[in-house]
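# Results of the structural survey
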Amino acid sequence: MELAAEPVVYQKLLPWEPSLELEEEEEEEETSEMLVPNPWRHQDSSRNKAGGLPGTWARVVAALLLLAVGCSLAVRQLQNQGSSTGSLGSVAPPPGGHSHSSGVYHHGAIISPAATCSHLGRELLVAGGNVVDAGVGAALCLAVVHPHATGLGAMFWGLFHNSSSGNSTALTSGPAQTLAPGLGLPTALPTLHLLHARFGRLPWPRLLVGPTTLAQEGFLVDTPLARALVARGTEGLCPLFCHADGTPLGAGARATNPQLAAVLRRAAFAPTSDLAGDALLSLLAGDLGLEVPSAGPRPALEPAQQLPVPQGILFTTPSPSAGPELLALLEAALHSGVPIPDPCPPFLQTAVSPGSSALAAVDSSGSVLLLTSSLNCSFGSAHLSPSTGVLLSNLVAKSTASAWACPLILRGSLDDTEADVLGLVASGTPDVARAMTHTILRHLAAGPPTQAQHQHQGQQEPTQHPSTCGQGTLLQVAAHAEHAHVSSVPHDCCPFQGF
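As named in an unreviewed UniProt entry, the protein is Gamma-glutamyltransferase 6, taken from Macaca mulatta.

## Overview of empty space enclosed by the protein
Tallied over the full model, the rule gives two cavities of 30 Å³ or more. Approximately 100 Å³ is the volume attributed to the largest cavity. What lines the largest cavity is Ala143, Val144, Pro147, Thr150, Gly151, Leu152, Phe241, Asn257, Leu260, Gly389, Val390 and Leu391. When the residues that make up the lining of the largest cavity are grouped by side-chain class, the tally is eight nonpolar, four polar and no charged. Every residue lining the second largest cavity is listed: Ala139, Leu142, Thr150, Phe156, Ser357, Ala358, Leu359, Leu371, Thr372 and Ser373.

## Section: the sheet that holds strand β17 (residues 421-427)
One open sheet holds the seven strands; their spatial order is β1-β19-β18-β17-β16-β11-β10, and the pairing between them is antiparallel. Of all the strands in the sheet, the pair left with one neighbour each is β1 (104-105) and β10 (305-309). Pairing geometry for strand β11 (residues 312-316) and strand β16 (residues 408-411), over four bridges, is antiparallel. Each bridged residue has a counterpart across the sheet, and for phenylalanine 315 the counterpart in β16 is isoleucine 409. Across the face of the sheet, helix α10 (residues 323-336) comes into contact with β10, β11 and β16 while running at roughly 15° to β10. Across the face of the sheet, helix α11 (residues 432-446) comes into contact with β11, β16, β17 and β18 (473-480) while running at roughly 155° to β17.

## Overview of the side chain of asparagine 257
As for its position among the elements, asparagine 257 is in the loop between β8 (254-255) and α8 (258-268). Residue asparagine 257 is classed as buried on the basis of its relative accessible area, which comes to 5%. Among the polar contacts made by the side chain of asparagine 257, one reaches the main-chain carbonyl oxygen of glycine 389 at a distance of 3.0 Å. Setting aside anything within four residues of it in sequence, one finds asparagine 257 in contact with Ala215, Leu240, Thr388 and Gly389.

## Focus: the sheet that holds strand β12 (residues 356-363)
On the basis of which strands lie adjacent, the open sheet formed by seven strands has the order β9-β4-β3-β13-β12-β2-β20 and antiparallel pairing. Edge positions in the sheet fall to β9 (300-303) and β20 (496-498), since each has one partner strand and no second. Within this sheet the neighbouring strands show an average axis-to-axis angle of 15°, counted without direction. As paired strands, strand β3 (residues 155-161) and strand β13 (residues 368-374) are joined by seven bridges and run antiparallel to one another. Across the sheet, glycine 158 pairs through a bridge with leucine 371, a residue of β13. Across the sheet, helix α3 (residues 115-126) touches β2 (108-111) and β20, and the angle it forms with β2 is around 155°. Sheet strands in contact with helix α5 (residues 188-199) are β3, β4 (168-172), β9 and β13, and its direction is about 50° off that of β9.

## Some points on helix α6 (residues 204-217)
Here α6 is 14 residues long and its end C-alpha atoms lie 21 Å apart, about the 20 Å a rise of 1.5 Å per residue gives. Considering bend angle alone, the principal kink of α6 is centred on glycine 210 and spans about 30°; proline proline 211 follows within four residues of it. Looking at α6, one finds that the buried residues are Trp204, Leu207, Leu208, Gly210, Pro211, Thr212, Leu214 and Ala215. Buried residues in α6 make contact with α3, α4 (131-145), α5, β7 (219-220) and α8.

The rules we used
Think of each chain on its own: its residues are numbered from 1, step by step along the sequence as written. In keeping with the model being predicted, local features are shown solely for residues with a pLDDT of at least 70 and side-chain atom pairs are shown and tallied solely at 80 or more, while totals for entire chains, interfaces and linings include all residues. The side-chain quantities take in all heavy atoms of the structure and omit both hydrogens and water. A cavity here means a set of points on a 1 Å grid, drawn over the protein atoms and nothing else, where a 1.4 Å probe fits but cannot get out; a pocket is an open set with protein on both sides within 12 Å along at least five of seven lines, and a residue lines either one if it has an atom within 4 Å of a point. Grid points are joined across faces, edges and corners, and a volume is the space filled by probe spheres set on the points. Classes in brief: Ala, Val, Leu, Ile, Met, Phe, Trp, Tyr, Cys and Pro nonpolar; Asp, Glu, Lys and Arg charged; the others, Gly included, polar. Pairing between strands requires that DSSP locate at least two bridges from one strand to the other. Secondary structure counts use DSSP, requiring at least four H or I residues in a row for a helix and at least two E residues in a row for a strand, with both numbered from the N terminus. We call two residues in contact when some of their heavy atoms are within 4.5 Å. Axes here mean lines fitted to C-alpha atoms, for a helix over just the part in contact, with angles spanning 0 to 180 degrees between N-to-C directions. Think of it in three bands: with a 1.4 Å probe and only protein chains considered, a residue is buried below 20% of the maximum accessible area for its type, exposed above 50%, and partly exposed in between. Pairing of N or O atoms within 3.5 Å defines a polar contact, subject to two protein rules: one partner must be a possible hydrogen donor and the other a possible acceptor, and residues neighboring in sequence count only if both atoms are side-chain atoms. What a helix should span is 1.5 Å times the count of its residues minus one. Note that the bend at a residue is defined as the angle between axes fitted to the seven residues ending at it and the seven residues starting at it.

In structure tokens form, the structure reads like this:
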């Protein structure tokens with residue numbers, strides 16, 4: 001696979017920033033570094049004589065050499081893909097290069113609950129996309145292969161740190177709205193489209209190719225989905241996730257969702273964020289015998305909330321999310337001077353765990369995207385729209401699912417463009433703000449990396465043993481010593497890919 005020939009450049013101006021002169025913008029773009037170098041540089045044709053061979057023979061020899069190189073690259077790609085099911089390891093080191101520990105990469109990486117979606121995110125990075133492209137593409141993939149935890153009917157929250165501008169931007173779906181009694185208004189498409197339109201690099205239709213293909217041609221049910229089907233039962237979920245006798249599909253079975261594929265194909269050509277969700281809303285209204293809502297979803301991008309700490313500055317999402325609660329807990333703990341509790345404090349246990357999902361993407365320059373989404377409970381409302389293949393959430397105005405959304409980014413220094421950046425995002429726990437507080441306090445207490453760690457050039461992770469409290473998972477990504485790092489708790493819950 002060829003790497004992208006153009007540099008990955010993030011937009012450096014946000015709506016709340018004063019505009020700069022055109023000359024300054026051009027100068028900044030010229031100095032932006034390439035995320036993916038182009039190895040296929042044009043060579044002087046005078047060197048293509050193959051030691052004085054006649055022109056025809058020279059072309060034949062050159063073609064054979066290119067074929068051999070191409071075959072070698074193809075074999076290597078197949079070997080990497082063949083080991084992607086165990087994608088908890090790092091890519092093989094280049095000949096003569098230094099080796100890395102698991103989850104450390106030179107350019108960029110992505111981590112998600114599904115190996116298929118992590119692989120798709122990596123493909124978007126290699127194709128020249130940035131972390132927003134990779135994260136949004138993986139989120140749309142999870143909407144297909146993990147319908148128990150997320151989907152086009154879910155609400156999304158996100159946090160994006162732009163390394164080129166130093167700004168952190170929060171993404172929210174807006175307050176939960178009701179489409180019909182007990183059914184939440186779907187917001188995923190306009191929310192993700194808005195994020196991509198502002199910060200993505202690849203064309204929007206490119207991000208939907210993989211998810212559409214999975215929905216149309218089929219995907220293999222993985223263990224998390226199979227377990228959720230057994231626990232929830234198949235009432236309302238057939239025939240998409242059932243055998244002919246009504247029993248749930250097991251791990252390894254193939255599932256398809258052609259109606260969802262059709263929705264994704266239509267969304268691929270939506271020029272605006274509003275239109276990305278309008279087609280879905282009209283189909284859902286037809287299924288339910290309702291009029292199309294006059295007021296659609298209200299996703300927003302706004303400056304992230306922040307809290308200065310001695311080690312740098314913390315960023316998280318504003319309300320409606322648990323971000324403000326998280327910052328309040330952290331501020332109180334830091335000012336109290338009370339030692340960090342260990343082991344983890346007792347947490348509230350609920351009978352029903354939230355149906356939620358999280359993913360993260362990072363590049364070695366320090367740009368980070370954290371995304372979390374929720375259906376409120378496993379399979380949401382379990383109302384499967386027959387014309388769209390979308391499972392609607394039961395997130396309504398009084399739902400508390402936003403309490404499970406508090407992605408967190410720690411930037412070492414706003415003045416230092418090479419400062420370490422750490423991203424944390426959790427899912428699945430009903431008390432995630434307290435769990436995240438415990439985790440980040442432990443990280444802050446550990447202090448900055450030592451000089452010896454910096455000299456290893458990425459062979460050690462910024463947080464050696466990330467931990468979380470309560471039920472659920474914690475994803476950690478970081479830019480450290482010019483490398484991208486990914487890890488999770490539990491360590492084998494979420495496959496990652498990088499390059």
